[in-house]
Amino acid sequence: MNPVIEGVAAPLPYSNLDTDQIMPKQFLRIIDKAGLDKGLLYDLRFDERGAPRPDCVLNQDAYAGASILVAGPNFGCGSSREHAVWGLQQFGIRAVIASSFGEIFYFNALNNGLLLVTLPPAAVDALLARVSNTSVARGNRVAIDVLAGQLRAADGWTAGFELPERHRRMFAQGQDMVGASLLQLPEVERFEARHWARFPWMKDVARQVRDRLDAA
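Here the structure is a predicted model, which is why all the values come from computation and not from measurement.

Q: Describe the layout of surface pockets, and please don't skip the residues or the numbers.
A: If you add up the space inside the largest pocket, you get close to 160 Å³. Around the largest pocket, the lining residues are Arg166, Arg169, Met170, Gln173, Met177, Ala180, Ser181, Leu183 and Gln184. At four residues, the largest contribution of residues to the lining of the largest pocket is made by helix α6 (residues 165-173). When its residues are assigned to classes, the lining of the largest pocket shows four nonpolar, three polar and two charged.

Structure below.
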């Protein structure tokens, strides 16, 4: 499998766009993940009356259906709320490209299957210029080859990127962190069998103690 993420890339060149802005607090009052797409970047997308801001790229026809964001440095800094990642995914964003990311957000994203591509600042600037030029037909489309570690713009411009090997495998297998862990279940079961064979007196100790206390 050679996963390639390809689609419209929207420019979002704001520095230090934190998780509070990506997913404002008023959208966290839920017990599941449903509806977070409505809160994504709410203050950028809507004014104080709830009307769409025409200057926000995510409200513009040229970027309709965007699945990739090209962002400013330190994207995702701030709090550790995982809702920011879930909201991006529910909105249809499959990848974010920036020169740097908030550390907690970075691993939250990759562990949930949202691709983050780190490029040098000059490369991000070059890509921002390309996807911001709406006068070129389909010029805002970008393709990201995860296994090859290569990004390609519509005009043929390319850039390489690195990705932790564990996360590269996860994307290749279409797995999030839970799915990747379940792939190791046979190995976990073999370890468990060896452990109980070596220390049989430790098995079910808590249950046995509880049963004795209940009997007393």
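Q: Help me get a handle on the pattern of salt bridges, residues and values and all.
A: Any two side chains of opposite charge can pair, on the condition that their charged atoms come close. Under the counting rule described, the total for this entry stands at six salt bridges. Linked through salt bridges whose partners overlap, the residues forming this network are Asp204, Arg207 and Asp211.

Q: Help me get a handle on the packing of aromatic side chains, residues and values and all.
A: Tallied over the full model, the rule gives seven aromatic pairs. Plain terms: the ring middles of Phe75 and Phe101 are 6.3 Å apart, the flat faces sit at 85 degrees to each other, and that makes the pair edge-to-face. Placement of the pair is Phe75 in the loop between β2 (68-71) and α3 (83-91) and Phe101 in the loop between β3 (95-98) and α4 (103-112), with a sequence separation of 26 residues. Phe101 matches Phe75 in its accessibility class, with the two residues each being buried. Consider the rings of Phe199 and Trp201, whose centres lie 5.7 Å apart with planes at 90 degrees: the pair is edge-to-face. An aromatic cluster of at least three residues, connected via ring pairs, comprises Phe75, Phe101, Phe105, Tyr106 and Phe107.

Q: Now, about helix α5 (residues 121-132): what can you tell me, with residues and values included?
A: The terminal C-alpha atoms of α5, which comprises 12 residues, lie 16 Å apart, in line with the 16 Å expected from a rise of 1.5 Å per residue. Those residues of α5 that sit buried are Ala123, Val124, Leu127, Leu128 and Val131. Buried positions in α5, seen along its axis, are confined to an arc of 140 degrees and lie on one side of it. Exposed side of α5, more than 90 degrees from the buried face: Ala122 and Ala129 are the residues found there. Along its buried surface, α5 packs onto β1 (4-12), β2, β3, β5 (141-145) and β6 (150-153).

Q: Quick one: what's the story with the environment of Leu213, residue by residue and with numbers?
A: Looking at where Leu213 falls in the secondary structure, it is placed in helix α9 (residues 205-215). Taking C-alpha positions, Leu213 is 62 Å from Leu151, a pair spaced 62 residues apart along the chain.

Q: How would you explain the sheet that holds β5 if you had to name every residue and give the values?
A: With mixed pairing, seven strands are arranged side by side in an open sheet as β4-β3-β2-β1-β5-β6-β7. Edge positions in the sheet fall to β4 (115-118) and β7 (158-160), since each has one partner strand and no second. Mean inter-strand twist for the sheet, computed between neighbouring axes without regard to direction, equals 25 degrees. Direction of pairing for β2 relative to β3: parallel, over a ladder of three bridges.

Procedures and definitions
Residues numbered from 1 in each chain as written. Predicted model: local features only at pLDDT ≥ 70, side-chain atom pairs only at ≥ 80, totals over all residues. Heavy atoms only, no water. 1 Å grid on protein atoms, 1.4 Å probe; cavity = no way out; pocket = protein on both sides within 12 Å on 5 of 7 lines; lining within 4 Å. Points joined across faces, edges and corners; volume = space filled by probe spheres on them. Helix = DSSP H or I, 4+ residues; strand = E, 2+ residues; numbered from the N terminus. Nonpolar A, V, L, I, M, F, W, Y, C, P; charged D, E, K, R; others polar. Salt bridge = Lys/Arg side-chain N within 4 Å of Asp/Glu carboxyl O. Phe/Tyr/Trp six-rings, centres within 6.5 Å; stacked < 30°, edge-to-face > 60°. Buried < 20%, exposed > 50% of the residue type's maximum accessible area, 1.4 Å probe, protein only. Expected span 1.5 Å × (residues − 1). Arc of directions from axis to C-beta. Contact = heavy atoms within 4.5 Å. Pairing = 2+ DSSP bridges. Axes fitted to C-alpha atoms, helices over the stretch in contact; angles between N-to-C directions.

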